[in-house]
Amino acid sequence: MLTERRLLPNGLIPLSLWEPQSGILKMPTALRNIYNKTIVKHGLIELANERQYNDSPIGGVTLEDTKKHFAQSFDGSSARVQLAVLDPKNETNGTSNAFINTLAGNKVIIMDAPCGTGAATLTFVSTIAELREKQILPRSPLEIKVIGGEISVSARSFAKELFEGISAYLESQAIFISYHSESWDATSPISTRDLVRKIVIEAQSCSRSLVIIANFSGFLERNFDKAKQQIDEVLRYSSGPGSMAVWIEPQKNNVVKQGQLFYKVSQWPVVKTFMSIFELKSGDKPFSISSARFKRPININEIPRVNLAVISFELSKNEQL
């Protein structure tokens, strides 16, 4: 149950993003166009059409891994984030507000780690831009600094290409975005130190921050203990008044089953230190779930299902930090 008024009422979500009668999500128009253009440019249409929905590639460090993930999983990752941003079924306990609240400042920093090919942040900003274009959200000037942390050089290259391709459209909606990526090994304190240093420098000129952690469960299933301290550091150094974190994963057993990732995260000292954006009652799950179908951008006649699990919390500093 929501504990605060929705900033994006369901009835205002445009048909260009959500078809309420059929319950189908559609990728924001500008992002769909640049994604399809990039798929064609890199000769990935055949690979995209080979996607099997019982086999979702989780990416990797090689160019071959990146191309497969970009062609076959980018759209599903995008749909999962879009479902969290729009929350058309009122199922995600304030996550939509957490995203939109970030835009209250005129200078915002988004920390996206691991960023992969950029699906999470690109979906968020292009969804907001389309809501502005449809005159649902105000078109106030907004400067966004995006810092992407990602170990794969090829994934960062794809993300850079997409951000550059969509920047003119974002500027038409008064969203001025700069994208910077850092090589980030989530198991390395040295790599994390470099990422945190960049966060601290860039955050000085920003009034709010948003941390997006998305589609990390496949990696963390094998590396949770090694990565825990590094994610701690990213969250701590991104905290401040009005700052938020949203952690998005597929709704799989390794995420939502008792004792698995999101139960571990909910008991994480750094997460418990930060205030939850909604109050958990006894017996409540520490996360929210939702699902919907979505139109694939490369073939709109293909309408697979996307399942979402999400935890949202405020990154408000206090004496314990």
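Whatever comes next refers back to the structure up there.
Presented here is a report on the structure given in the accompanying data block. Remember, predicted model here, so these are calculated numbers, not experimental data.

Quick notes on the rules
- Residues numbered from 1 in each chain as written.
- Predicted model: local features only at pLDDT ≥ 70, side-chain atom pairs only at ≥ 80, totals over all residues.
- Heavy atoms only, no water.
- Helix = DSSP H or I, 4+ residues; strand = E, 2+ residues; numbered from the N terminus.
- Buried < 20%, exposed > 50% of the residue type's maximum accessible area, 1.4 Å probe, protein only.
- Axes fitted to C-alpha atoms, helices over the stretch in contact; angles between N-to-C directions.
- Parallel < 35°, antiparallel > 145°, perpendicular 65-115°, else oblique.
- Left-handed = near helix turned anticlockwise from the far one by under 90°.
- Contact = heavy atoms within 4.5 Å.
- Nonpolar A, V, L, I, M, F, W, Y, C, P; charged D, E, K, R; others polar.
- Polar contact = N/O pair within 3.5 Å; in protein donor to acceptor, adjacent residues only side chain to side chain.
- Pairing = 2+ DSSP bridges.
- Disulfide = S-S within 2.5 Å.
- Core = buried A, V, L, I, M, F, W, Y, C linked by side-chain atoms within 4.5 Å.

With that out of the way, let us pick up unusual backbone geometry. With an omega dihedral of -5°, the bond running from Ala-113 to Pro-114 counts as a cis peptide bond. Within the element layout of this structure, Pro-114 appears in the loop between strand 3 (107-112) and helix 6 (119-133). Not every positive phi belongs to a glycine, and Asp-87 is a case in point at roughly 40°. Within the secondary structure, Asp-87 sits in the loop between helix 4 (74-86) and helix 5 (95-101). Asp-87 sits in the buried class, given a relative accessible area of 2%. Backbone geometry at Gln-135 places phi at a positive 60°, although glycine is not the residue there.

So, on to the packing of helix 4 against helix 6. Where helix 4 meets helix 6, the closest approach of the two axes is 9 Å, and the angle between their N-to-C directions is 50°. By the angle between their axes, helix 4 is oblique relative to helix 6. Helix-helix and strand crossings are classified by hand; for helix 4 and helix 6 the assignment is right-handed. Contacts from Phe-74, Ser-77, Ser-78, Val-81, Gln-82, Val-85 and Leu-86 in helix 4 reach Ala-119, Ala-120, Leu-122, Thr-123, Phe-124, Thr-127 and Leu-131 in helix 6. By residue class, the composition of the contact of helix 4 with helix 6 is nine nonpolar, five polar and no charged.

Turning to its location among the elements, Ser-96 is positioned in helix 5. A distance of 2.6 Å separates a polar atom in the side chain of Ser-96 from the backbone oxygen of Val-85. In this structure Ser-96 touches Arg-6, Leu-8, Ala-84, Val-85, Leu-86 and Asp-87, once residues within four positions along its chain are discounted.

On to the sheet that holds strand 5 (residues 175-182). Here we have nine strands laid out as an open sheet, ordered 1-2-8-9-7-6-3-4-5, and mixed in their pairing. Looking at which strands have only one partner, the edges of the open sheet turn out to be strand 1 (18-19) and strand 5. Where strand 7 (residues 244-250) meets strand 9 (residues 305-314), seven bridges bridge the pair, whose relative direction is antiparallel. When the sheet's bridge partners are listed, Glu-249 is paired in strand 9 with Ala-309. Where helix 8 (residues 189-203) meets the sheet, its contacts fall on strand 3, strand 4 (142-149) and strand 5, and the angle it forms with strand 4 comes to roughly 175°. Each of strand 3, strand 6 (208-214), strand 7 and strand 9 touches helix 9 (residues 217-237); the most contacted strand, strand 7, lies at about 175° to it.

Bringing the pairing of strand 3 into the picture now. The buried count for strand 3 comes to five of six residues, which makes it a mostly enclosed element. In the sheet, strand 3 pairs with strand 4 via six bridges, with the strands oriented parallel. Residue pairing across strands places Ile-109 opposite Lys-145, the latter belonging to strand 4. Strand direction decides the pairing type here: strand 3 and strand 6, joined by five bridges, are parallel. Across the sheet, Met-111 pairs through a bridge with Val-211, a residue of strand 6.

Across all of its chains, the model carries zero disulfides by this definition. Residue Cys-115 stays outside any disulfide, its sulfur separated by 17 Å from that of Cys-206, the closest cysteine.

Our next topic: the side chain of Ser-217. Positionally, Ser-217 belongs in helix 9. In this structure the side chain of Ser-217 is engaged in a polar contact, spanning 2.9 Å, whose partner is the side chain of Glu-249. Here Ser-217 is in contact with Glu-249, Pro-250, Asn-254, Val-255 and Leu-261, once residues within four sequence places are set aside.

With that settled, the discussion passes to the nonpolar core. In terms of nonpolar packing, the biggest core is built from 59 residues, with Leu-25, Phe-74, Phe-99, Ile-110, Phe-124 and Ile-248 touching the most fellow members. Looking at this core, the element that brings in the most residues is helix 6, giving eight residues. Other than its neighbours up to four places away in sequence, Phe-74 contacts Met-27, Leu-31, Tyr-35, His-69, Thr-117, Gly-118, Ala-119, Leu-122 and Leu-162. Formed by 35 residues, the second largest nonpolar core is a distinct cluster that contains Ile-213, Ala-227, Phe-262 and Phe-274.

Let us now look at the packing of helix 1 (residues 29-41) against helix 7 (residues 153-172). Following both chains from N to C, one finds helix 1 and helix 7 inclined at 135°, their axes separated by 10 Å at the closest point. In terms of orientation, helix 1 lies oblique with respect to helix 7. By crossing handedness, the relation of helix 1 to helix 7 is classed as right-handed. Between helix 1 and helix 7, the residues in contact are Ala-30, Leu-31, Ile-34, Tyr-35, Thr-38 and Lys-41 and Phe-158, Glu-161, Leu-162, Gly-165, Ile-166 and Tyr-169, respectively. Along the lines of polarity and charge, the residues of the contact of helix 1 with helix 7 split into eight nonpolar, two polar and two charged.

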